[in-house]
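Spelled out, the chains give:
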Amino acid sequence: MNPARMKNLHVIHSAYEPSLKNILFRFSFLVVISSLVFTSVSSARTQTPKPQKSDGRYVYHENHDPDGIGKFYMGREIAQVMGHQAADWLDRPEREAEEAPSLLLKSLKLKPGQAIADIGAGSGYLTFPMAKRVGTKGTVYAVEIQQEMLDIIAHKQETMGLKNIKMVLGAVDDPRLPDSSVDLILMVDVYHEFDFPYEMAKAMVKALRPGGRIAFVEYRKENPDVPIKRVHKMTVLQVRKEMAVFPLQWVETINVLPRQHIIIFRKPLSQK
Ligand SMILES: C[S@@+](CC[C@H](N)C(=O)[O-])C[C@H]1O[C@@H](n2cnc3c(N)ncnc32)[C@H](O)[C@@H]1O
């Protein structure tokens, strides 16, 4: 090729180059702007309605009760765990008048020598009267996920000179009790707080002796007048629905308490 033409071509090319850069710059500017617009549109889309996730057993919602954790099991939202800072509320003097725990203890028909697990024992409000009822030959396992609650119980036990309460630091999905070791599992205002109700119930059934009982004491959700936050209440129907997937027999629902129902199941004698 003629060097002059080559030079010309080069000139033409050089002359054209800045405007090509210009177009590329404008194009990439447009891409950035439009991607920003689309991002904000798509994030607005994902905000309404809130995304819903599921891991098969549990469903998660971003829009949920402020007292719940946004995790749902069998249609029920799981409640936040009551912190150890509220231990004094559990020991409040007016609790007998409000909830009649002495009637609950009578309904449980405890016998000397029995092994009981008080799961979610809190400050031990029910652990101590149960320890007295089962006597020196019996045992009460105080199971808690908060070490601070176990420390409160241990301190009270020392002061009272009792020796038949065993502290167990459980995990959120495991009460860490020996297999077939207890005659009764009691949960007073606890089950609705379990982060892993399925895993806990499965482990609790394993910890029961054949013929052993499991008692749910929950505030009546059927009654809007019971002055407790919604997610901290449960209906009998819901408790029975959640237990129906386990090898347990429903025994009775006792309605002697002013605010709570006592729902009792039994592990069949044939079950190991
Ligand atoms: C509302 S308090 C009730 C305490 C006690 N049962 C009473 O009636 O005084 C609930 C307790 O359950 C405990 N808890 C929650 N999830 C638990 C779990 N997976 N295992 C053992 N304890 C649990 C909490 O730490 C809290 O102390």
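Report on the accompanying structure. This one's a predicted model, so the numbers in the text were calculated from it and none came from an experiment.

In terms of regular secondary structure, the protein is built from eight helices and twelve strands. Taken over 272 residues, the protein has a buried fraction of 28%. Across the protein, every contact between residues at least 6 apart in sequence was considered, and the portion connecting residues at least 24 apart equals 65%.

A few words now on the site of the ligand. Near the ligand there are 23 residues, and of these Leu 90, Gly 120, Gly 122, Tyr 125 and Val 188 occur at the shortest range. Of the residues that constitute the shell around the ligand, the class distribution is 16 nonpolar, four polar and three charged.

One ladder, built from three bridges, connects strand β3 (residues 68-73) with strand β4 (residues 76-79); its direction is antiparallel. Following the sheet pairing, Phe 72 is matched in β4 by Glu 77. Between β3 and β4, which pair antiparallel and follow one another directly, the connecting turn spans two residues, one of which, Met 74, has a positive phi of 50°.

With that settled, the discussion passes to the sheet that holds strand β2 (residues 59-61). Note: strands within a sheet are paired through backbone hydrogen bonds, in either parallel or antiparallel orientation. An order of β1-β2-β3-β4 is seen for the four strands of this open sheet, with the pairing classed as antiparallel. The sheet is open, and its two borders are formed by β1 (52-54) and β4, each paired with just one other strand. Along the sheet, successive strands turn relative to each other by an average axial angle of 30°, direction set aside.

Here we come to the nonpolar core. Grouped together as the largest cluster of nonpolar side chains are 52 residues, with contacts concentrated most on Ile 116, Ala 117, Val 182, Ile 185, Leu 186, Met 187 and Ala 215. The element best represented in this core is strand β8 (residues 182-188), accounting for six residues. Apart from residues no more than four positions distant in its own chain, Ala 117 is found in contact with Tyr 141, Val 143, Pro 175, Leu 177, Val 182, Ile 185 and Ala 207.

This next bit is on unusual backbone geometry. Unlike most non-glycine residues, Met 74 shows phi in positive territory, near 50°. Within the secondary structure, Met 74 is located in the loop between β3 and β4. One non-glycine residue, Arg 176, lies in the positive phi region at around 55°. Mapped onto the elements of the fold, Arg 176 is located in the loop between β7 (165-169) and β8. The class for Arg 176 is exposed, based on 12 C-beta atoms found within 10 Å.

Below, the discussion takes up the pairing of strand β5 (residues 115-119). In terms of burial, β5 is largely enclosed, as five of its five residues are buried. Going residue by residue along β5, you find Ala 115, Ala 117 and Ile 119 tucked away on one face and Ile 116 and Asp 118 tucked away on the opposite face as well. Alignment of β5 against strand β6 (residues 139-144), held across five bridges, turns out to be parallel. By the bridge assignment, Ala 117 is partnered in β6 with Tyr 141. Handedness of the β5-helix α5 (residues 127-134)-β6 crossover: right-handed. The pairing of β5 with β8 spans three bridges and is parallel. Pairing of Ile 116 across the sheet is with Leu 184, part of β8.

Cut-offs and rules
- Residues numbered from 1 in each chain as written.
- Predicted model: local features only at pLDDT ≥ 70, side-chain atom pairs only at ≥ 80, totals over all residues.
- Helix = DSSP H or I, 4+ residues; strand = E, 2+ residues; numbered from the N terminus.
- Buried ≥ 20, exposed ≤ 12 C-beta atoms within 10 Å, placed from the backbone.
- Contact = placed C-beta atoms within 7 Å.
- Near = placed C-beta within 6 Å.
- Nonpolar A, V, L, I, M, F, W, Y, C, P; charged D, E, K, R; others polar.
- Pairing = 2+ DSSP bridges.
- Axes fitted to C-alpha atoms, helices over the stretch in contact; angles between N-to-C directions.
- Core = buried A, V, L, I, M, F, W, Y, C linked by C-beta atoms within 7 Å.
- Right-handed = clockwise from strand over helix to strand, strands pointing away.

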